[in-house]
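Here are the chains, one letter per residue:
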Amino acid sequence: MRNIFLSAACALFACWQPARAQAPTTAFSRLPTGTEYRLFRKDAAGRYQPRTLASTDAPYATHAGKILTVFMEFRTGRDSVIMKSRLMQPTPQPVALPDKPTPGGLEEALGILLPGDSAVFRFSADTIFAKTFRQAVPPFLRTSGNTLVVTASARELLTMAEMTARQQQAQADMLKAEQQKAVAQIAKDAAQIDAYLKKNKLVAKKTAGGTYYIVTRPGTGLPPKQGQNVRVLYRGTVLATGKEFDSSAKHGNEPISFPLGAGRVIKGWDQGIAMLTKGSKAILLIPSPLGYGPRGAGADIPPNAVLRFEVELVDFK
């Protein structure tokens, strides 16, 4: 499996803009497969000192199958900066170290690093692009010495299980944060909706999921069930501004058709339409987390917009 970070680095070679960086002066050593490297580690005073890779070291054998988190910088042979991973993401990038790294490739080189190490690797552009990036050498790199210099700062070496657990925890933390924001946003949206109802002397009901609805013309029979195909005429506006962003009239006045509760429409629609009967008309007031949330939608629906829909449930089956 290709590393996501390395795949992203490939794409950046196409949009390179040069910057200058100061080149280290320590002499390069060489791995048996030909990759040139300089290896450093901080001393007690916090200064970087060269570290020797002993002939008895077999670092990759103990790193294979693990995840190295690392900051990297790519430069041309003439010392122009191509990309810094810190600018892509402020945290170190995870790089999977395969069981059998390609000799002369970047993963093999990174495998000599211990957490806390820094290194400068120098590759023939032809070699590294063939073995790691699997694409042609960009013309600018070929004319800049046909060399790729990679500076790496290793932070952690994790097992796959540790990395998976960390990613799952990060996702859980992100979900929790999003839920907390949604709760706060719903309270703000509720205040806006209540003010609208009071101003217009309207009384609304509320679904269990939080969508407000006002039946303006009762229909007949029972509401549709989950999974039934409903046909709805509509006009949608942003509650705060009254600006229309879409309507059936813009689409030949043909009802929109979708299976109820299948997630084909925003949550506020799935909730609100489920409260109506055939032939009924209603106003739906949809808090932003049940609409398009913090991203909004296109140029007409801003982030965190409360939506107002005039709807008619034409029929269902």
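All of these numbers come straight from a predicted model, not from anything done at the bench.

Definitions and limits used
Residues numbered from 1 in each chain as written. Predicted model: local features only at pLDDT ≥ 70, side-chain atom pairs only at ≥ 80, totals over all residues. Heavy atoms only, no water. Helix = DSSP H or I, 4+ residues; strand = E, 2+ residues; numbered from the N terminus. Contact = heavy atoms within 4.5 Å. Areas by Shrake-Rupley, 256 points an atom, 1.4 Å probe, with all protein chains shown as cover. Buried < 20%, exposed > 50% of the residue type's maximum accessible area, 1.4 Å probe, protein only. Arc of directions from axis to C-beta. Pairing = 2+ DSSP bridges. pLDDT = per-residue confidence, 0-100. Salt bridge = Lys/Arg side-chain N within 4 Å of Asp/Glu carboxyl O. Phe/Tyr/Trp six-rings, centres within 6.5 Å; stacked < 30°, edge-to-face > 60°. Lys NZ or Arg CZ within 6 Å of the ring centre and 35° of its normal. Expected span 1.5 Å × (residues − 1). Polar contact = N/O pair within 3.5 Å; in protein donor to acceptor, adjacent residues only side chain to side chain.

## Concerning the overall build of the protein
If you tally the helices and strands in the protein, you get eight helices and 15 strands. Considering only contacts in the protein between residues 6 or more positions apart, those separated by 24 or more positions represent 68%. Looking at the protein as shown, the accessible area adds up to about 17,300 Å², and 55% of this sits on carbon and sulfur atoms.

## Comments concerning helix α5 (residues 125-133)
Turning to α5, its buried residues number three or more, namely A125, I128, F129, T132 and F133. End-on, the buried residues of α5 take up no more than an arc of 100°, which puts them together on one face.

## As for the pairing of strand β7 (residues 117-124)
Among the eight residues in β7, six count as buried, and that is most of the element. Bridge count between strand β2 (residues 36-42) and β7: six bridges; the pairing is antiparallel. Each bridged residue has a counterpart across the sheet, and for L39 the counterpart in β7 is A119.

## Overview of the pairing of strand β15 (residues 307-316)
The pairing of strand β11 (residues 229-238) with β15 spans nine bridges and is classified as antiparallel. If you follow R235 over to β15, its bridge partner there is E310. Where strand β14 (residues 281-286) and β15 come together, six bridges link them in antiparallel fashion. Of the residues in β15, the one forming a bridge with I286 is L307.

## Considerations on the confidence of the model for the protein
Model confidence for the protein is summarised by a mean pLDDT of 89, while 89% of its residues fall at 70 or above. Counted against residues more than four places away or in other chains, residues 14-24, with its pLDDT under 50, gives 25 contacts.

## Concerning the pattern of salt bridges
Applying the stated criterion to the full structure yields 16 salt bridges. Here E310 ties to R235 by a salt bridge, and the two come within 3.4 Å at their closest N and O atoms. With a gap of 75 residues between them, E310 in strand β15 and R235 in strand β11 connect regions that are remote in the sequence. For R235, a relative accessible area of 30% puts it in the partly exposed group. Salt bridges sharing common partners tie together R235, E244, K250, R308 and E310.

## Notes on the side chain of T211
You can see T211 is positioned in the loop between β9 (205-206) and β10 (212-217). Since its relative accessible area comes to 0%, T211 is described here as buried. Leave out the neighbours within four places in its chain, and T211 touches K205, K206, G268, Q271, G272, L285, I286, P287 and L290.

## Looking at the packing of aromatic side chains
In the structure shown here, the tally under the stated rule is seven aromatic pairs. Ring centres of F129 and F133 lie 5.0 Å apart, and the angle between their planes is 55°; this geometry places the pair in the tilted category. With F129 and F133 both in helix α5 and four residues apart, this pair spans about one turn of that helix. Taken together, a centroid distance of 5.4 Å and an interplanar angle of 80° make the contact between Y234 and W269 edge-to-face. One end of the pair, Y234, is in strand β11; the other, W269, is in helix α8 (residues 267-273), and 35 residues separate them in sequence. Of the two residues, Y234 and W269, neither departs from the other in class, the shared state being buried. Each residue in the set Y234, F245, F258, W269 and F309 is aromatic and connected to the rest through ring pairs, giving one cluster. In this structure, R38 is placed above the aromatic ring of F28, and the distance from its NZ or CZ to the ring centre is 3.6 Å.

## Brief notes about helix α7 (residues 160-199)
Along its 40 residues, α7 runs 58 Å from first to last C-alpha, staying within 8% of the 58 Å computed at 1.5 Å per residue. Buried residues of α7: M163, Q185, D189, A190, I193, Y196 and L197, and no others. Of the surrounding secondary structure, the elements contacted by the buried residues of α7 are β4 (67-76), β6 (93-96), β8 (147-158), β10, β14 and β15.

## Focus on the environment of D117
As for its placement among the helices and strands, D117 is situated in strand β7. Each C-alpha atom of the pair D117 and F40 lies 5.8 Å from the other, and the pair is 77 residues apart in sequence. Excluding anything up to four places from it in sequence, D117 contacts L39, F40, R41, R51, I112, A152, S153 and A154. Among the polar contacts listed, one links the side chain of D117 to the backbone nitrogen of L114, at a separation of 2.8 Å.

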